[in-house]
Amino acid sequence: MNSVAQAQDLLERYGNLEGEALLSPLIRDVFPGRLCLVSSFGAEAALLLHMVSGIDSGLPVVFLDTQKLFPETLAYRDLLVERLGLSNIRTIYPDYTDTSRSDPDGTLWQSNPNACCTIRKVKPLQKALKGFDAWITGRKRYHGGMRTALPLIEASEGRVKINPLASWSAQDIKREFERRGLPAHPLRAQGYFSIGCLPCTAPPASEDDVRSGRWQGREKQECGIHLGDDGKFYKGSQ
Ligand code: SF4
């Protein structure tokens with residue numbers, strides 16, 4: 001079955017579930033050993049990491065260290081890994097050949113952010129996902145922009161993508177953080193919300209538009225790891 005048909009089939013079987021109720025059968029029964037979580041260790045990441053750790057603390061967690069991240073994010077990663085007992089963190093980096101050739105002085109984000117995201121995010125992730133049939137993301141519809149139409153399960157680039165928190169609101173996330181006693185990302189106290197690379201992240205203008213602090217002053221909304229070759233958000237099933 002190709003990924004588009006598989007995503008459609010999974011939606012029919014599990015489309016009424018979300019959160020841990022959705023993750024549990026997918027991790028244990030549908031994709032054993034063939035599924036990973038890709039986490040930014042950003043402002044809301046602890047919730048999904050906590051859910052996954054309760055089902056399988058050895059599930060591979062891929063973390064893209066673009067070498068442009070906030071030091072606070074790296075410290076938060078270390079804190080969560082220890083607190084949640086995550087035992088299979090895979091920190092991946094850009095290829096040195098790419099950065100030395102295309103971004104020797106580290107300022108490509110300024111002149112060509114799409115090219116910068118390609119070498120620091122898209123290419124390393126494509127490499128890290130080899131061997132996996134499916135991956136889990138923490139995206140939510142309430143983040144707006146292209147994410148408003150986010151499906152629960154989708155097909156992209158030959159893999160199934162699972163978005164178990166797609167329909168969750170900011171209030172849902174906040175409530176679950178408190179109920180589970182999860183620590184906040186250190187930058188939340190400074191007003192940051194959607195937290196990516198340091199040069200391309202600012203606090204949002206309003207908490208009603210949480211991604212407005214990303215690539216401020218540019219049309220760019222997404223780094224590209226969630227876009228297909230056609231520049232669209234997802235392909236296949238919805
Ligand atoms: S978010 Fe900014 S610094 Fe990070 S990879 Fe993209 S353009 Fe480069």
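Residues numbered from 1 in each chain as written. Predicted model: local features only at pLDDT ≥ 70, side-chain atom pairs only at ≥ 80, totals over all residues. Heavy atoms only, no water.

Counting its secondary structure elements, the protein contains eight helices and six strands. By principal-axis analysis of the C-alpha atoms, the protein measures approximately 50 × 40 × 35 Å. The buried share of the protein, reckoned over its 238 residues, is 53%. Long-range pairs, those at least 24 residues apart, make up 71% of the contacts in the protein with a sequence separation of at least 6. Here the protein displays about 10900 Å² of accessible surface, and carbon together with sulfur accounts for 48% of that area. Considering the protein, the positive charge centre built from 30 side chains and the negative charge centre built from 28 side chains are found 2 Å apart. (Helix = DSSP H or I, 4+ residues; strand = E, 2+ residues; numbered from the N terminus. Buried < 20%, exposed > 50% of the residue type's maximum accessible area, 1.4 Å probe, protein only. Contact = heavy atoms within 4.5 Å. Areas by Shrake-Rupley, 256 points an atom, 1.4 Å probe, with all protein chains shown as cover. Lys, Arg positive; Asp, Glu negative; His and termini not counted. Charge placed at Lys NZ, Arg CZ, Asp CG, Glu CD.)

Counting 42 residues, the largest nonpolar core has L49 and I162 as the members making the most contacts within it. In terms of residue count, the dominant contributor to this core is helix 3 (residues 45-55) (eight residues). Sequence-distant contacts of L49, that is, excluding residues within four places in its chain, are made with L37, S39, F41, V61, L80, L84 and L86. (Core = buried A, V, L, I, M, F, W, Y, C linked by side-chain atoms within 4.5 Å.)

Further remarks concern the site of the ligand. Around the ligand, ten residues are found, and the nearest of them are P113, C116, C117, C197 and C200. The leading source of residues in the shell around the ligand is helix 7 (residues 113-128), at five residues. A breakdown of the residues in the shell around the ligand according to their chemical character gives seven nonpolar, no polar and three charged. (Near = heavy atom within 4 Å. Nonpolar A, V, L, I, M, F, W, Y, C, P; charged D, E, K, R; others polar.)

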